[in-house]
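Read off the chains here:
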Amino acid sequence: MVINIGIIYCIPIICGSIAVYTDRKEKKIRNKVTYPLILSGIIFQTVLNGQSGFKSSMMGILICFILLSVLPGTKFSGGDIKLSMGYGAYLGTNSAYYVLITLSLIIIFNILGIVRNYGTADLYKRLELEIISFGKVTAQADKIVAAPILLISYTLALIIMLWG
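Trainee: What's the story with the overall build of the protein in this structure? I'm lost.
Mentor: Broken down by element type, the protein carries seven helices and zero strands. If you list the helices and strands of the protein from N to C, you get α-α-α-α-α-α-α. The buried share of the protein, reckoned over its 164 residues, is 42%. When contacts within the protein are restricted to residue pairs at least 6 apart in sequence, long-range pairs at least 24 apart make up 74% of them.

Right, dumping it as structure tokens:
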């Protein structure tokens, strides 16, 4: 039974890999990847844990939607948010790990982008401007392709959840 559950948790990795490919190539994550991911996560959690699984899955979707679309400084597009909601459907209430990892990676990539674009001398000043403006003024010059970061975050959260 553990092997089957492990294989089922790989479905988001497969969908995420497709999303990474399309996001890098076309700058778009397709609904035919995200909606089945969300639905299959709800079904998986419900079959595995009954009503509590359904509630957990819905809570995971809600956590990802609210935190990744409302928090200042996060500039995810609709496809990125729906992909996150799909991961949240699989992770359930453990989505908090996923969101924290995602936001941490976004901050790290943002800092690396600032250093690459402006050098280390302006790093503190530009980050301070972002913090003071609650993310309305961004120092990041290049858009970060979020699908790879989201996939890495899901995989790390899954490892924490299953073996942590």
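Read on for the rest.
Trainee: Would you mind going over the environment of Tyr-124 with me for this structure?
Mentor: Mapped onto the fold, Tyr-124 is located in helix α6 (residues 123-132). Taking the C-alpha atoms as reference points, Tyr-124 and Ile-114, 10 residues apart in sequence, are found 9.8 Å from one another.

Trainee: Please clarify how the environment of Ala-146 should be interpreted in this entry.
Mentor: One can find Ala-146 in helix α7 (residues 146-163). A residue is classified by how much of its surface remains accessible, and Ala-146, at 3% relative accessible area, is buried. With sequence-adjacent residues up to four places away left out, Ala-146 is seen in contact with Asp-23, Phe-76 and Asp-80.

Trainee: Is there a simple way to think about helix α5 (residues 95-118) in this case?
Mentor: Residues spaced three or four apart along an α-helix face the same direction, because each turn holds 3.6 residues. End to end, α5 covers 34 Å across 24 residues, agreeing with the expected 34 Å (1.5 Å per residue, within 8%). Along α5, the residues classified as buried are Ser-95, Tyr-98, Val-99, Ile-101, Thr-102, Leu-103, Leu-105, Ile-106, Asn-110, Gly-113 and Ile-114. With its phi angle positive at about 90 degrees, Gly-119 sits one or two positions after the end of α5.

Trainee: Sorry, what's going on with the nonpolar core here?
Mentor: Nonpolar side chains in soluble globular proteins tend to end up buried together. By size, the foremost hydrophobic cluster in this structure holds 37 residues, and its most contacted members are Leu-83, Tyr-87, Tyr-98 and Tyr-154. Where this core is concerned, the elements lending two or more residues are α2 (11-26), α3 (31-70), α4 (78-91), α5 and α7. Aside from chain neighbours lying at most four places away, what touches Tyr-98 is Cys-64, Leu-68, Ser-84, Tyr-87, Leu-91, Leu-150, Ser-153, Tyr-154 and Ala-157.

Trainee: Can you help me understand the packing of α3 against α5 in this one?
Mentor: Each pair of packed helices can be described by the angle between their axes along with the distance between the axes. Two numbers describe how α3 lies on α5: the axes approach to 9 Å, and their chain directions differ by 25 degrees. On the basis of their axis angle, the class for α3 and α5 is roughly parallel. Like other packed secondary-structure pairs, α3 and α5 cross with a definite hand, here right-handed. Here α3 contributes Gly-60, Ile-63, Cys-64, Leu-67 and Leu-68 to the contact with α5, which in turn contributes Ser-95, Ala-96, Tyr-98, Val-99, Thr-102 and Leu-103.

Reading the values: rules and limits
- Here the residue index of a chain counts from 1 through its sequence in written order.
- Thresholds applied to this predicted model are a pLDDT of at least 70 for local features of residues and 80 or more for the giving and counting of side-chain atom pairs; totals over whole chains, interfaces and linings are not thresholded and use all residues.
- Think of the side-chain values as coming from all heavy atoms in the structure, minus any hydrogens and water.
- Numbering of helices and strands runs from the N terminus; a helix is a DSSP stretch of H or I covering at least four residues, while a strand is a stretch of E covering at least two.
- When accessible area is computed with a 1.4 Å probe and restricted to protein chains, residues below 20% of their type maximum are described as buried, those above 50% as exposed, and intermediate ones as partly exposed.
- In what follows, residue pairs with any heavy atoms lying within 4.5 Å of each other are defined as contacts.
- What a helix is expected to span follows from its residue count: subtract one and scale by 1.5 Å.
- To define a nonpolar core, start from buried Ala, Val, Leu, Ile, Met, Phe, Trp, Tyr and Cys residues and group those joined through side-chain atoms within 4.5 Å.
- Axis lines are fitted through C-alpha atoms, for helices just across the contact stretch, and the angle between N-to-C directions can take any value from 0 to 180 degrees.
- By the definition adopted for this analysis, an angle is roughly parallel if under 35 degrees, roughly antiparallel if over 145, roughly perpendicular if from 65 to 115, and oblique otherwise.
- Here a crossing is called left-handed whenever its near helix is offset anticlockwise from the far helix by less than a right angle, and right-handed whenever the offset is clockwise.

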